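Fold and geometry: a report
One letter stands for each residue in the lines below.
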Amino acid sequence: DKRGLILDGDDEVIPYYWSKDGRFLFARVRSRLSGCCWINGNRSVLLVRLNLETGEQVALLNVDYYSANVFNFSISDSDRYLLFTPPSYNLPYDFAILDFQTWETQEVSLKFDKSVHMSYAKLSPKEDKVILPLFEFIPYDDYYFDSIVLIDLISGKQDILITNIESEEEL
């Protein structure tokens, strides 16, 4: 396709989200990589935004073929922001927030040695803070829900609200 969105015949394109104003449809392609897929396999290799009025397709997140990385993401309640983990291992941040109005991206590096999953991230009503779960990786086992962190996107302050959650005590 002339827009650079080349899919393999085995790719599974899944409509993911329809914007509240009805203008945009977001579709994702799930990972076909083998191995463990934590958090219900909700991992993607491509996220596309389709403008339903013009037909324009924009690849918002696209995994480098050789990277073998996958990303996860969520769209804010206002439809203004895309929160996502890096689509490449080489990027120096833990997650980022793309503003669809300005097309600027704010990168966030955690001060905690934990993993994030952006499908569960939520922006505050004023969209100046984000709350998200942190996961601990146990080698040769799995990822476990460990903490909840609150991040002020203006000041950069990061506070753990709940930590050291044992697997049998998960909320």
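Keep in mind that this is a model prediction, so the values were computed, not measured.

1. Here's the deal with the pairing of strand 8 (residues 105-108)
Pairing geometry for strand 7 (residues 95-99) and strand 8, over four bridges, is antiparallel. Each bridged residue has a counterpart across the sheet, and for Ile97 the counterpart in strand 8 is Gln106. Between strand 7 and strand 8, which pair antiparallel one after the other, the connecting turn spans five residues, and Trp103 there sits at a positive phi close to 60°.

2. Quick word on the pattern of salt bridges
With the rule as written, the count across this model stands at seven salt bridges. With a shortest N-O distance of 3.0 Å, Asp77 and Lys122 are connected by a salt bridge. Residue Asp77 is located in the loop between strand 5 (73-75) and strand 6 (81-84), and its partner Lys122 is located in strand 10 (residues 122-123); the two are separated by 45 residues in the primary sequence. One salt bridge connects Asp99 with Arg80, and the closest N-O pair in it is separated by 2.7 Å. Separated by 19 residues along the polypeptide, Asp99 in strand 7 and Arg80 in the loop between strand 5 and strand 6 bring together distant segments of the chain.

3. Looking at the confidence of the model for the protein chain
Per-residue confidence for the protein chain gives a mean pLDDT of 80, with 74% of residues at or over 70. Of the regions scoring below 50 in pLDDT, residues 1-9 engages in ten contacts with residues more than four places distant in sequence or in other chains. Between residues 34-41, whose pLDDT stays under 50, and residues either more than four places distant or in other chains, the model counts 15 contacts.

4. Considerations on a nonpolar patch on the surface
Taken together, the side chains of Ile131, Leu161 and Ile162 make up a nonpolar region of the molecular surface, amounting to roughly 230 Å² of accessible area. Inspection of the secondary structure puts Ile162 in strand 13 (residues 158-162).

5. Description of the pairing of strand 1 (residues 13-18)
Remember that side chains alternate between the two faces of the sheet whenever the strand is regular. Here five bridges tie strand 1 to strand 2 (residues 24-30), and the two strands are oriented antiparallel to one another. Residue pairing for strand 2: Val13 is matched across the bridge by Val29. Counting the residues in the hairpin turn of strand 1 and strand 2 gives five residues, including Gly22, whose phi is positive at 80°.

6. Observations concerning the packing of aromatic side chains
A full pass over the atoms with the stated rule returns five aromatic pairs. A ring pair is formed by Tyr16 and Phe73, whose centres lie 4.7 Å apart and whose planes are at 65°; its orientation type is edge-to-face. Highlighted residues: Tyr16 in strand 1 and Phe73 in strand 5, separated in sequence by 57 residues. Judged by relative accessible area, Tyr16 falls into the partly exposed class, the value being 33%.

7. Description of the sheet that holds strand 7
Here we have four strands laid out as an open sheet, ordered 5-6-7-8, and antiparallel in their pairing. Two strands in the sheet have a free side with no partner beyond their single neighbour: strand 5 and strand 8. Taken pair by pair, the neighbouring strands of this sheet meet at an average axis angle of 15°, ignoring direction. Bridge count between strand 6 and strand 7: four bridges; the pairing is antiparallel. Paired with Tyr81 across the bridge in strand 7 is Asp99.

Parameters at a glance
Throughout, a residue's number is its position along its own chain's written sequence, starting from 1. Residues qualify for local features only when their pLDDT is at least 70, as the model is predicted, and side-chain atom pairs are given and counted only at 80 or more; totals for whole chains, interfaces and linings, by contrast, use all residues. With hydrogens and water set aside, each side-chain value is computed from the structure's full complement of heavy atoms. When DSSP finds two or more bridges between two strands, those strands count as paired. Helix and strand definitions here come from DSSP, where helices need a minimum of 4 consecutive H or I residues and strands a minimum of 2 consecutive E residues; each element is numbered from the N-terminal end. Note on definitions: salt bridges are taken to be side-chain nitrogens of Lys or Arg within 4 Å of carboxyl oxygens of Asp or Glu. What pLDDT reports is the predictor's confidence in each residue, on a scale of 0 through 100. Here, residues are in contact when the closest pair of their heavy atoms is within 4.5 Å. Note on patches: the residues involved have over 30% relative accessible area and no salt bridge, like charges join within 9 Å, and the nonpolar side chains Val, Leu, Ile, Met, Phe, Trp and Tyr join within 5 Å. In short, Shrake-Rupley with a 1.4 Å probe defines the accessible areas, and a residue's cover is counted only from the protein chains shown. Think of it this way: a Phe, Tyr or Trp ring, Trp meaning its six-membered ring, pairs with another when their centres are within 6.5 Å, and the plane angle makes it stacked under 30 degrees, edge-to-face over 60, tilted otherwise. Note on classification: 1.4 Å probe, protein chains only; a residue is buried when its accessible area is under 20% of the maximum for its type, exposed when over 50%, partly exposed between these limits. Axis geometry follows a simple rule: fit a line to the C-alpha atoms, using only the stretch in contact for helices, then measure angles between N-to-C directions, giving values from 0 to 180 degrees.

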